[in-house]
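# A closer look at the structure
Spelled out, the chains give:
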Amino acid sequence: MREHIDGAALRNMVLCAYDALEANEQAINELNVFPVPDGDTGANMRLTLGSAAADLRRKEAATVTATADRVASALLRGARGNSGVILSLLFRGLSKGLKKLETATAAEYAKAMTTGVESAYKAVMKPAEGTILTVSRVAAEAANAKAKESGYFEEMLAAAVEGAKTALDDTVNQNPVLKKAGVIDAGGYGYVLMLEAMLGYLEGRVTVNQNPGGAVKAKADFTAFAAEDIKYTYCTEFIVRKTNEAKSPDLLRTYLENVGGSIVMVDDGEIIKVHVHTNAPGRVLTQALTYGPLLTTKVENMREQHTSLEAQAQGEAPAAQETPAEPESQPIPKPVPAEKAIGTVCVCAGDGLEELFRQLGADGIVSGGQTMNPSTEDILRAVNLTPAETVFVFPNNKNIIMAAEQCVPLTPKRVIVIPTRAVPQGISAMMRLNPDSTPEALQAEFTDAISTVHTIQVTYAARDSEFDGHAIRAGEFLTLMDGALVGSFASTDELVSSLGPAISPLEPEFVTVYYGQDVAENDAESFSSALGDTFPDTETCLIRGGQPVYYYMISVE
């Protein structure tokens, strides 16, 4: 057993932790309390730690300090979702605790773990027990206790693992929501897996994956797709040359899964080749451009052309031309000079919602939302490109607020995050935008606006489940109001009938229905009309949002 670790060992410990998250991503996701298709915690933790793993694979650092600093820096900008942000805070504190160390003893590392926990607790406005915070705190306490008895690193980390497991098992009792669902905390589970993998590396049971992402085919076989599959109109194929290494291709894959089907995506490190059937090829190509320049594109209308995909695939797509080497990562743009006092950045997904936010005065739009939590770096880019002294950021999702708040110390611009937990809150707030007001007055206006909005979200149940007495069946309309479960319904008629009792106590004056990309206009009109009949004295409005994941988002004011 070893009494200390060096920079190389810490590097491999982190890489093994990433491999563990990658291998168990879906298992972590399935611990989400509601079976919504959000792929939240596992995806966010993997993508967050993946930003550090990619950096560590490019270049090794000799000392513990240098390695920890590189990990913390990468995680700060790559953090996604609440779980990702907390993970980044744990490593940021860890790096502070390991300053000026060439190697770290068990006691030094355990103490640094405590510094990480303290950093995370301080940064979270209302830290809740029964979460990854609890698991990491108990793990650090166990590690420090063991380090006083033994100088061996493996024994210290083994104690941390056992403490984390004990805390994880108890999360179901500490968190009322988890107790109702009868599950342990997803973020805490991910953290336990990371610690186990790090210990496994030190004990020689786990090795670093030398082929991250698995074997890559030389060429995607597009002939496997049936020509008669025309749920989506456009067969879209493209090759993009990767110049933005900081942005994970997995985010593009998740986006594609939300806007199309019949997906084949090959990432060979230098280019990304994609085949997808979609109804929105323009939006797909716009997303692709965030990774680098397009080398080839092909969009064909399968309904009109009745073209066989097998015939299309007879010839190979043009090979990417040789080009000069690009930088390994695209730097964050420098803040542009201020041309006005107030600017705004809004996060949303859906072309209808994007256009609405622009009409309301948004300077920057960050594509993201449920299933597509943008990183701190994604939001920071939009902030820096906003020509204003003060930039208000509207996350419009409860799982993006913390990532947005991490931008505050990363730019000389003044950043004020308005904690909008859903898109309707962001829209209501933006309707009060007055560029001539002071930042303080606007912050008060925005905060007041979001306090008057209740949001109903209608998606589909991703799996059978049961929560607080509600039987949920896969494929049903799963409905949440302000984050709380309303129910799961087999038809929109049942849904509308159940929304009446849920909405009536709010005494609404305005109800706005935003319908998603998977809802036909006539179906949306029927749904909105039925909802309007339920509340004849309420002004009801229907707007095409084009959002993925949610069939309907309903604003009640």
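To keep things clear, this report deals only with the structure shown in the data block. (Residues numbered from 1 in each chain as written. Predicted model: local features only at pLDDT ≥ 70, side-chain atom pairs only at ≥ 80, totals over all residues. Heavy atoms only, no water.)

### A few points about the pairing of strand 17 (residues 539–544)
Relative to strand 17, strand 16 (residues 510–515) runs parallel, the two sharing six bridges. Looking at strand 17, one finds that tyrosine 514 is bridged to isoleucine 543. This β-α-β element, strand 16 to helix 21 (residues 521–534) to strand 17, shows right-handed connectivity. (Pairing = 2+ DSSP bridges. Helix = DSSP H or I, 4+ residues; strand = E, 2+ residues; numbered from the N terminus. Right-handed = clockwise from strand over helix to strand, strands pointing away.)

### Describing unusual backbone geometry
Positive phi values are uncommon outside glycine, yet asparagine 396 reaches one of about 60 degrees. Turning to its location among the elements, asparagine 396 is positioned in the loop between strand 9 (388–394) and helix 17 (401–405). On the basis of relative accessible area, asparagine 396 is assigned to the buried category, the value being 6%. With a phi angle near 70 degrees, valine 549 is a residue other than glycine that sits in the positive phi range. (Buried < 20%, exposed > 50% of the residue type's maximum accessible area, 1.4 Å probe, protein only.)

### Some points on the pairing of strand 14 (residues 477–481)
Where burial is concerned, most of strand 14 is hidden: five out of the five residues are buried. The sheet contact formed by strand 11 (residues 454–460) and strand 14 spans five bridges and is antiparallel. Bridging across to strand 14, isoleucine 456 finds its partner in methionine 481. Relative to strand 15 (residues 484–489), strand 14 runs antiparallel, the two being bridged by five bridges. Note on strand 15: the bridge partner recorded for methionine 481 is alanine 484. Where strand 14 folds back on strand 15, the antiparallel hairpin that results is connected by two residues, among which aspartate 482 adopts a positive phi of roughly 50 degrees.

### Digging into empty space enclosed by the protein
For the structure on display, the rule yields two cavities of 30 Å³ or more. Of the voids in this model, the largest cavity is the one considered here, and its volume is about 140 Å³. In terms of lining, the largest cavity is formed by 13 residues, of which the most central are Phe91, Leu94, Tyr109, Met113 and Tyr191. Contributing elements (two or more residues each) for the lining of the largest cavity: helix 5 (81–97), helix 6 (106–123), helix 7 (132–149) and helix 10 (186–202). Here the lining of the largest cavity is built from residues that sort into eleven nonpolar, two polar and no charged. In this structure, the second largest cavity spans a volume of roughly 30 Å³. Together, Gly516, Gln517, Asp518, Val519, Gln547, Pro548, Val549, Tyr550 and Tyr551 line the second largest cavity. Of the residues belonging to the lining of the second largest cavity, the class tally is five nonpolar, three polar and one charged. (1 Å grid on protein atoms, 1.4 Å probe; cavity = no way out; pocket = protein on both sides within 12 Å on 5 of 7 lines; lining within 4 Å. Points joined across faces, edges and corners; volume = space filled by probe spheres on them. Nonpolar A, V, L, I, M, F, W, Y, C, P; charged D, E, K, R; others polar.)

### So, helix 21
Here helix 21 spans 20 Å end to end across 14 residues, near enough to the 20 Å set by a 1.5 Å rise per residue. Three or more residues of helix 21 are buried, namely Ala524, Phe527, Ser528, Leu531 and Gly532. Down the axis of helix 21, the sector holding all buried residues measures 135 degrees, keeping them to one side. At its buried positions, helix 21 is contacted by helix 20 (492–503), strand 16, strand 17 and strand 18 (552–556). (Expected span 1.5 Å × (residues − 1). Arc of directions from axis to C-beta. Contact = heavy atoms within 4.5 Å.)

### Digging into the nonpolar core
Counting residues in each nonpolar core, the largest one holds 73 residues, and the members touching the most others are Ile5, Leu49, Phe91, Leu98, Tyr109, Met113 and Tyr191. Here tyrosine 109 is in contact with Ile5, Leu10, Met13, Leu94, Leu98, Phe153, Met156 and Met198, once residues within four sequence places are set aside. Within the second largest apolar cluster, 23 residues are counted, among which are Phe394, Ala449, Val549 and Met553. (Core = buried A, V, L, I, M, F, W, Y, C linked by side-chain atoms within 4.5 Å.)

### A look at the pattern of salt bridges
Evaluation of the coordinates by the stated rule reveals 19 salt bridges. Where aspartate 69 meets lysine 99, a salt bridge forms, and the shortest distance between an N and an O atom there is 2.9 Å. Placement of the pair is aspartate 69 in helix 4 (residues 64–78) and lysine 99 in the loop between helix 5 and strand 2 (104–105), with a sequence separation of 30 residues. Residue lysine 99 is classed as partly exposed on the basis of its relative accessible area, which comes to 42%. Residue glutamate 445 is joined to arginine 432 by a salt bridge in which the shortest nitrogen-to-oxygen separation is 3.3 Å. In this pair, glutamate 445 is assigned in helix 19 (residues 439–451) and arginine 432 in the loop between helix 18 (423–430) and helix 19, connecting sequence segments 13 residues apart. Among the residues examined, glutamate 445 registers a relative accessible area of 37% and is labelled partly exposed. Here arginine 432 falls in the partly exposed class, since its relative accessible area comes to 30%. Sharing partners across several salt bridges, the network here consists of Asp55, Arg58 and Arg70. (Salt bridge = Lys/Arg side-chain N within 4 Å of Asp/Glu carboxyl O.)

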